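# Understanding the architecture of this molecule
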Amino acid sequence: MYPQVLFQHRKPDRINTFAEYREQGGYSALSDVIAGADPAAVIATIDDAQLLGRGGAGFPAGRKLMTVAQDAPHPRYLICNADEMEPGTFKDRVLLHADPHLLIEGMAIVAYTVRARHGIIFIRPEYENAARILEREIRLAREAGFLGEKIHDSDFSFEIVVHRSGGRYICGEVTALISALEGCRPNPRKAPPYPTDKGLWQQPTVLNNVETLAYVPLIVRHGAQWFRDLALTESAAGTKLFSISGHVNKPGCYEVPLGVPLSEMIENCCGGMRDGRPFKGCLPGGASTGFLSAEHYHIPMDYESLKAVGNRLGTGAVMVFDDTTCMVAATLNLTNFFARESCGWCTPCREGFPYLKDLLYRLENGMADGDWIGQVETLCGHLYKAYCAFAPGGVAPIESLLANFGEEVQAHIDLGGCPMQRQ
Amino acid sequence: MPTLTIDNRPVTVPDGTKVITAAEQLGIMIPRFCYHPALGSVGACRVCAVGFKEGPIKGVEMSCMVDAQEGMVVATDDPDAVDLRKHVIELLMLHHPHDCPVCDEGGHCLLQDMTISGGHGRRRYAGAKRTHLDQDLGPLVQHEMNRCIQCYRCSRFYQQFCGYRDLGVTGIGTRVYFGRSEPGTLESPFSGNLTDICPTGVYTDKPSRFYGRRWDYERAPSVCIHCSLGCSLTVSARYRKAVRHEARFNAQVNGHFICDRGRYAYAYASQPERPRDALIAGRPATLAQAATQMSERLAAIEKGTGPDGIALMGSARSSLETQALLARLHSEKGWRTPCFSADDAATRVVSSALNTLNATNTIALTEIEGADTVLLVGADPIGEAPMLALALRQAQRDGSRIITVDPRPVTLPCAHDHIAVSGDDLATAVAHLIIGALEPSREIALDADQQDRFKTLKQETRDIPAAAELRAIGHALTTAWRPAFVCGTTVPDPDVPPLMGLLQALVQTSCMWSGLFFPLPGANTFGAHCLGGSDALFEPLLAAVEAGQVKALVVVENDLFSEYPDQQRLAAALESLELLVVMDCVPSAITARADIFLPTQTIYEAGGHYLNNEGRLQVATPVIAGGLSIMDTGGGNHPPREFREDIPGGTPRPAWQYVAGLATGETDPPDVKPLLDEALTAGVADGERVSLPSASREWPSIERIGAGPEGDAGGLTLIESAATFGSEPLAAFSTVLAELTPLFGVTVHSETAQRLGWRAGDRIVIPDSAPALEVVVTLDDRAAPGVLLVPRRIGIDRTALRRYMAHLLAE
Amino acid sequence: MLRPRGAFFERTIEPLELHVSEALIEKLKNEIAAVEHPRELAVDVMMALQDHHGYLSDAARDQAAELLGMSALEVDELATFYTFIFREPVGRYVIHVCDSLICWMAGEENIVDHLRQQLQIDFGQTTADGLFTLLPVCCIGYCDRAPAILVNRRVHGPLTNSRLDELLQKYRAEAAEKPGSNV
Ligand SMILES: Cc1cc2nc3c(=O)[nH]c(=O)nc-3n(C[C@H](O)[C@H](O)[C@H](O)COP(=O)(O)O)c2cc1C
Ligand code: SF4
Ligand code: SF4
Ligand code: SF4
Ligand code: FES
Ligand code: FES
């Protein structure tokens with residue numbers, strides 16, 4: 001229905017094998033690049049393709065590569081972020097189970113552009129199967145000469161290791177991830193210095209999401225223009241993997257051009273709303289984005305359109321709610337997540353989320369008193385002054401609850417509890 | 001040098017200054033919890049928020065995280081910032097147990113202050129409080145985790161700043177916990193600083209727990225006299241009892257911190273065994289009786305023998321006042337030159353070391369933090385001068401290379417290269433360093449005379465196992481920008497410090513900055529050196545006693561038995577005296593033998609001046625008038641029911657008063673300042689360094705670099721050296737520190753152990769020792785082979801130990 | 001050998017070795033030797049020892065510390081941070097029930113109620129037979145299979161009560177067949 005790029009060779013029950021991948025033209029981009037491409041030209045292509053980071057922040061991938069200084073010291077590192085702990089998100093897992101060599105080739109190409117010697121895939125421990133697949137496929141790629149010392153007799157050497165996390169959401173944040181890799185407590189660190197300047201072991205480090213890296217071989221093969229044209233809207237470029245879950249008939253991970261309306265995705269990919277019930281709202285990009293209400297049912301799903309309504313595309317994890325969902329209870333659940341996963345470094349986040357969780361619990365259970373809304377609003381405001389991006393992310397659902405579902409909140413206050421549980 | 005405006009007032013600060021520090025320069029204290037000048041900024045607590053109105057940054061930001069930049073306009077009273085700070089305090093109080101009434105921090109608690117000044121008074125959070133279990137962290141530090149505000153200061157201080165690894169942070173989120181893996185005594189000898197840096201009452205001073213509030217205490221600035229560094233202290237006393245030492249900031253010496261030896265050493269002053277009354281022949285007497293008898297009997301002896309028949313013995317732990325008056329007594333009465341130490345070997349090294357110092361090569365402790373290479377020869381900081389180890393750690397964290405050359409397996413709380421060299425080879429080792437510095441280097445130009453001397457040095461210098469390594473280091477020193485040279489004064493022989501001086505002088509020509517640092521054996525060794533002269537040795541004095549030439553000995557604040565190894569010989573000599581006068585504030589083996597005993601005041605009562613190891617004049621202010629503590633005399637009742645005009649137990653007088661009385665016949669305190677000025681050649685201000693000679697370019701004599709070790713090459717040597725706890729004569733009386741003092745042990749290289757048939761953990765009971773002495777064997781291959789290393793320990797039978805070791809050497 | 005007169009000797013007894021297979025320790029040592037910074041393997045080493053012992057006991061923690069050149073506290077600083085490292089004894093099968101948004105919407109509470117009832121334990125507890133430990137966990141990345149759980153870090157979902165019963169049955173049978181081993 002939609003052009004499939006990352007999922008072109010997705011199979012229902014197994015990965016796209018190394019042999020198949022090569023037959024489909026895989027590793028040709030890497031071979032071409034290694035044959036003598038100018039790294040700057042490859043970076044320029046990625047930049048020209050307007051590939052935005054798919055890990056949540058949407059930072060232009062080409063621009064990140066450009067920040068690695070020409071004369072930066074060696075060794076340099078390339079890290080693939082496969083932590084994927086944002087609730088609702090599972091696209092990286094599906095991609096790794098579908099076509100792991102896209103990532104491996106992508107990493108090798110990106111490493112070539114910045115002359116990184118070491119590649120690390122940081123993966124959450126729940127993805128043990130994916131980790132084993134990666135280890136096996138990396139070995140195959142190495143045996144075939146696409147990884148290792150002096151690849152294709154060039155002066156470029158690159159190795160990839162898989163690093164399993166011990167499991168914590170904050171480990172997905174760039175600087176916390178670097179702390180974790182160094183065997184330190186995964187607390188974030190404040191830039192500057194930026195990782196591309198002083199990252200892992202104080203060496204220049206590029207970090208990208210799985211999906212971001214997987215697009216690179218295709219962009220190098222087919223060109224920037226091809227990639228940009230994949231999107232439906234003017235400002236967007238490429239396709240995107242969406243993890244769609246919740247009250248839809250067929251939850252799953254779908255590759256869709258950026259700019260496809262939300263309603264279309266739900267109808268076309270997911271077989272519509274579950275039991276045909278009305279769409280009440282959704283989180284468009286994971287737990288750290290805000291709730292969209294029914295009025296945005298037809299919003300084009302791309303970075304700019306969501307920004308325009310004060311929201312974010314995040315990881316593209318669309319969590320869909322029908323009219324049976326209590327938005328206060330949903331927010332309470334999400335806030336519980338942030339309270340549990342706060343790394344404990346800074347005061348507003350460490351103490352603020354449990355506080356907010358308590359307030360939401362009270363609202364849901366008819367114990368809200370005093371200036372409930374005012375208290376929540378101020379707390380949320382102060383969470384923007386936390387140490388890292390975790391806290392502003394966690395505030396997004398709460399603030400959007402007040403903004404988009406204010407009536408439901410008021411009903412909880414007025415009724416002294418959850419109106420839905422009363423029914 | 002950006003200029004910015006804070007609360008409408010301009011201030012210009014060096015590049016890289018944080019806004020929070022810039023504000024301090026205007027006298028504006030922005031609230032802070034996690035920020036600490038020594039630990040830096042980490043942005044964790046978020047209570048230092050201020051409003052940025054103009055300039056490169058806009059809005060509310062953390063003043064500890066933002067570098068001051070040109071044109072910034074900062075408002076600390078920005079309403080949004082004030083609101084954030086207020087909420088941060090509220091959030092930090094969510095789980096606080098509100099137990100200020102029983103918290104020792106109450107009254108000097110940053111959290112209390114902030115809660116009040118931030119205006120947080122009403123609890124809104126209705127949820128449950130998270131609670132923690134506390135840990136027993138040993139005898140020094142009390143733990144009460146529920147009061148924690150998660151500023152991470154303790155773990156940063158303990159691990160990053162100090163380099164110890166048994167206290168830190170566990171858990172995540174709201175359950176983060178600061179403590180150890182399991183309850184147990186903290187391993188760091190700097191752990192007491194936790195009580196100073198924790199902004200709340202999580203870590204409080206355990207020995208003085210529940211003794212008083214900050215405002216109850218009499219407090220006075222003082223100096224630590226438990227090693228030669230002379231860290232700055234604030235002493236707290238209450239009910240006539242000194243109960244707490246806190247670190248007092250000193251930019252030159254100790255920075256913000258002190259070591260645990262210094263912090264917990266005060267117990268000697270209030271121990272029940274402290275002698276508080278004068279004694280004549282062991283029987284109590286009034287001060288007047290004892291003083292009169294002392295004068296009369298000394299006069300009588302002097303009549304018989306002439307002034308030579310009376311000898312004076314001072315100490316390195318006495319104040320300059322006491323030392324100066326002893327010197328004056330000598331010059332006025334013609335009695336023998338005072339001797340200040342019974343350890344002649346150390347006195348020789350000290351004088352050669354201090355004669356090496358000059359006005360340009362002497363450096364202060366904190367300057368070492370800025371060195372890029374530090375070479376330590378025959379110095380074991382953790383044992384001899386603990387805060388030196390912290391300074392080295394800061395240097396190393398900054399990328400400095402630390403090299404230790406020592407027969408002992410020197411351990412430091414930071415990475416360092418260690419080269420094991422036997423004690424006899426230290427001078428030769430430095431000669432190799434010098435050769436290394438000169439040989440391949442083009443940087444250091446030598447004139448013809450120096451060329452000659454260098455040639456001789458090269459010819460004379462014997463080969464030792466580490467020679468090549470040492471030469472390479474010597475060469476590396478010429479490429480350092482800021483090398484510092486540290487040399488101990490107990491283990492090396494007297495040739496080593498001047499050779500270190502030569503090395504420093506040579507390297508000086510090729511670097512930006514360099515200097516010498518000599519830790520000394522005692523708190524006021526420098527003063528003793530200035531006042532006693534280098535020729536006042538103990539051995540001749542003892543011989544004169546034995547020969548009957550000296551009939552009377554006045555010993556001031558020195559337990560000779562802990563300094564002089566041959567206990568029997570010393571005892572016999574003292575026995576032969578006609579008169580032994582002892583003045584001291586602690587009980588000791590020699591106090592018990594005194595014909596006349598005069599109790600002296602401690603530093604808390606008398607105060608005094610001290611010269612630290614680099615010759616810095618420092619002053620301790622008296623903090624109490626003296627006397628037995630009300631806690632003791634009242635028998636638990638307060639106020640005490642017995643009314644009298646004097647202070648019970650208040651007899652002791654400053655030692656210098658007794659000495660002055662002997663000189664002038666008066667008992668009124670003389671003005672010592674002119675005396676000091678005279679003795680120290682110029683009027684030195686408190687906190688300043690005494691004037692030192694100007695630099696000379698003379699090459700020192702190099703007697704020992706060619707000579708092989710005494711005895712055969714495979715011989716054994718016994719090294720007694722200072723340990724952190726148990727070695728310093730006053731701190732050794734502290735019962736809490738006694739708990740931390742390890743079992744008495746001997747450390748040897750495994751080869752040596754094999755030769756002796758020892759294994760790690762063996763316990764050797766020393767024959768005929770009283771009190772019975774047991775020695776535990778520890779193996780450490782970083783020790784030089786052949787060295788038997790034991791800690792200096794007050795109160796052990798050193799004669800038996802030496803006898804036993806000599807017997808080993810013989811076999 | 002010198003045996004001085006009047007001196008007697010006492011020997012300390014060497015501490016008991018922790019019972020971990022030589023092969024595992026050897027493997028970990030080699031892995032550690034192969035990397036530049038041993039600390040980077042901290043999680044792997046803790047996991048390996050935990051898989052061996054069932055949880056990261058104090059002794060295992062100390063062993064990890066020794067292998068990695070870290071202090072016990074430094075290992076604890078990491079161990080207590082992560083979700084999947086247990087510093088307290090757990091059952092042979094650790095059941096992590098995902099309680100994040102999608103699973104909650106799909107009936108996580110029913111799953112928990114059913115497990116509580118079947119196992120007679122609450123969150124944080126272990127069954128009397130030492131087989132099962134019940135813990136909540138954040139979204140495990142299988143929202144397309146909600147409600148989902150992990151059993152020893154292996155995912156199962158979407159779950160119904162009967163599917164749960166089958167699972168418990170399967171693990172009980174496995175335990176009966178191969179007692180004492182969960183690796
Ligand atoms: C709390 C937090 C958690 C994050 N978790 C992940 C994650 O699991 N995976 C990921 O790719 N990015 C995650 N990110 C985003 C990363 O910090 C980073 O922006 C991203 O990995 C960069 O890759 P990209 O530019 O390819 O998107 C997280 C960010 C935050 C603040
Ligand atoms: S915002 Fe939360 S996750 Fe980020 S540093 Fe602060 S406590 Fe840690
Ligand atoms: S224990 Fe004290 S110093 Fe340590 S984090 Fe808590 S409040 Fe800060
Ligand atoms: S280092 Fe020396 S002077 Fe400083 S506190 Fe310790 S014992 Fe006292
Ligand atoms: S003092 Fe600035 S954040 Fe704590
Ligand atoms: S919410 Fe349960 S797996 Fe994502």
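Structure shown above.
About the cut-offs
Residues numbered from 1 in each chain as written. Chains lettered and ligands numbered in written order. Predicted model: local features only at pLDDT ≥ 70, side-chain atom pairs only at ≥ 80, totals over all residues. Heavy atoms only, no water. Near = heavy atom within 4 Å. Helix = DSSP H or I, 4+ residues; strand = E, 2+ residues; numbered from the N terminus. Contact = heavy atoms within 4.5 Å. Buried area = accessible area lost by both parts, 1.4 Å probe. Salt bridge = Lys/Arg side-chain N within 4 Å of Asp/Glu carboxyl O. Nonpolar A, V, L, I, M, F, W, Y, C, P; charged D, E, K, R; others polar. Buried < 20%, exposed > 50% of the residue type's maximum accessible area, 1.4 Å probe, protein only. Phe/Tyr/Trp six-rings, centres within 6.5 Å; stacked < 30°, edge-to-face > 60°. Lys NZ or Arg CZ within 6 Å of the ring centre and 35° of its normal. Pairing = 2+ DSSP bridges. Axes fitted to C-alpha atoms, helices over the stretch in contact; angles between N-to-C directions. Parallel < 35°, antiparallel > 145°, perpendicular 65-115°, else oblique. Left-handed = near helix turned anticlockwise from the far one by under 90°.

Another point: the site of ligand 4. Every residue lining ligand 4 is accounted for by Cys224(B), His226(B), Cys227(B), Leu229(B), Gly230(B), Cys231(B), Ile258(B), Cys259(B), Arg261(B), Gly262(B), Pro386(B) and Met387(B). Of all the secondary structure elements, the ones that give two or more residues to the shell around ligand 4 are α6 (260-263) and α12 (386-397) of chain B.

A word on the interface of chain C and chain A. Contacts between the two partners involve 31 residues from chain C, matched on the other side by 44 residues from chain A. In total, about 3200 Å² of surface goes out of reach between chain C and chain A, with carbon and sulfur atoms giving 59% of it. Scanning the region where chain C abuts chain A turns up two salt bridges. Close ionic contact of Asp144(C) with Arg93(A) constitutes a salt bridge, the shortest N to O distance being 3.0 Å.

Turning to the site of ligand 3, a few remarks are in order. In the region of ligand 3, the neighbouring residues are Cys148(B), Ile149(B), Gln150(B), Cys151(B), Tyr152(B), Arg153(B), Cys154(B), Phe178(B), Cys198(B), Pro199(B), Val202(B) and Tyr203(B). For the shell around ligand 3, the class distribution of residues is 10 nonpolar, one polar and one charged.

Another aspect to go through is the pattern of salt bridges. Residues and elements named next belong to chain B. What the rule picks out here adds up to 67 salt bridges over all chains. Here Asp584 ties to Arg317 by a salt bridge, and the two come within 2.9 Å at their closest N and O atoms. A residue pair is termed long-range when its members are at least 10 positions apart, and Asp584 in strand β22 (residues 579-584) and Arg317 in the loop between β15 (310-313) and α8 (320-333) qualify at 267 residues. Arg317 matches Asp584 in its accessibility class, with the two residues each being buried.

Here we come to the packing of aromatic side chains. Per the stated rule, a full pass over the model turns up 34 aromatic pairs over all chains. Ring centres of Phe157(B) and Phe161(B) lie 5.8 Å apart, and the angle between their planes is 20 degrees; on these two criteria the pair is classed as stacked. On the criterion of helical spacing, the pair formed by Phe157(B) and Phe161(B) is a turn pair, its members being four residues apart in helix α4 (residues 153-161). Pair check on accessibility: Phe157(B) and Phe161(B) agree, each one buried. Of the aromatic side chains, those joined through ring pairs into one cluster are Tyr169(A), Phe337(A), Phe338(A), Phe353(A) and Phe390(A). Cation over ring: Arg63(A) sits above Phe59(A), and NZ or CZ is 5.4 Å from the ring centre. Geometry around Phe242(A) places Lys240(A) over its ring, the cationic atom sitting 5.9 Å from the centre.

It is worth spelling out helix α4 (residues 72-79) of chain C at this point. Burial analysis of α4(C) places seven of its eight residues in the buried class, which makes it a mostly covered element. Those residues of α4(C) that sit buried are Leu73(C), Glu74(C), Val75(C), Asp76(C), Glu77(C), Leu78(C) and Ala79(C). Residues of α4(C) that are buried sit in contact with α4, β7 (168-170) and β8 (177-179) of chain B together with α2 (42-53) and α3 (58-68) of chain C.

Let us now look at the sheet that holds strand β18 (residues 417-420) of chain B. Adjacent strands of a sheet form backbone hydrogen bonds with each other and so pair up, either parallel or antiparallel. Residue and element names in this part refer to chain B. On the basis of which strands lie adjacent, the open sheet formed by five strands has the order β18-β17-β16-β19-β20 and parallel pairing. Only two strands of the sheet have a single neighbouring strand rather than two, namely β18 and β20 (515-517). Averaged over all pairs of adjacent strands, the angle between their axes in this sheet comes to 15 degrees, without regard to strand direction. Relative to strand β19 (residues 483-487), helix α16 (residues 496-508) is tilted by about 175 degrees, and along the sheet it contacts β16 (373-377), β19 and β20.

Residue and element names in this part refer to chain A. Strand order in the open sheet formed by five strands is β6-β5-β9-β7-β8, and the pairing between neighbours is mixed. Where the open sheet ends on each side, the last strands, each with one partner, are β6 (252-257) and β8 (292-293). In this sheet, strand β9 (residues 317-322) lies alongside strand β5 (residues 239-246) in parallel orientation, the contact comprising four bridges. Among the inter-strand pairings, Ile244 is bridged to a residue of β9, identified as Val318. Lying on the sheet, helix α5 (residues 91-98) is in contact with β5 and β6; it crosses β5 at an angle near 120 degrees.

Before going further, it helps to examine the environment of Lys64(A). Counting through the fold element by element, Lys64(A) comes out in helix α4 (residues 61-66). Spatially, the C-alpha atoms of Lys64(A) and Glu408(A) are 42 Å apart, while their sequence positions differ by 344 residues.

The omega angle of the peptide bond from Ala770(B) to Pro771(B) is -5 degrees, so this bond is cis rather than trans. Each neighbour pair has its own omega, and for Ala146(C) with Pro147(C) the value is -5 degrees, a cis peptide bond. Not every positive phi belongs to a glycine, and Asp153(A) is a case in point at roughly 60 degrees. Within the secondary structure, Asp153(A) is located in the loop between α7 (128-143) and β3 (159-164). Residue class for Asp153(A) comes out exposed when judged on its relative accessible area of 75%. The backbone of Tyr152(B) sits at a positive phi, close to 65 degrees, despite the residue not being glycine. With respect to the helices and strands, Tyr152(B) occurs in the loop between β6 (141-143) and α4.

Looking now at the packing of helix α14 (residues 347-364) of chain A against helix α15 (residues 372-383) of chain A. Residue and element names in this part refer to chain A. Orientation of α14 relative to α15, taken along the N-to-C sense of each, is 155 degrees, at an axis distance of 10 Å. If you check the angle between α14 and α15, you find them roughly antiparallel. Seen along the crossing, α14 lies across α15 with a hand that is left-handed. Every residue of α15 that contacts α14 at Pro348, Cys349, Phe353, Tyr355, Leu356, Leu359, Leu360 and Leu363 is listed here: Trp372, Gln375, Val376, Leu379, Cys380, His382 and Leu383. A breakdown of the residues in the contact of α14 with α15 according to their chemical character gives 13 nonpolar, two polar and no charged.

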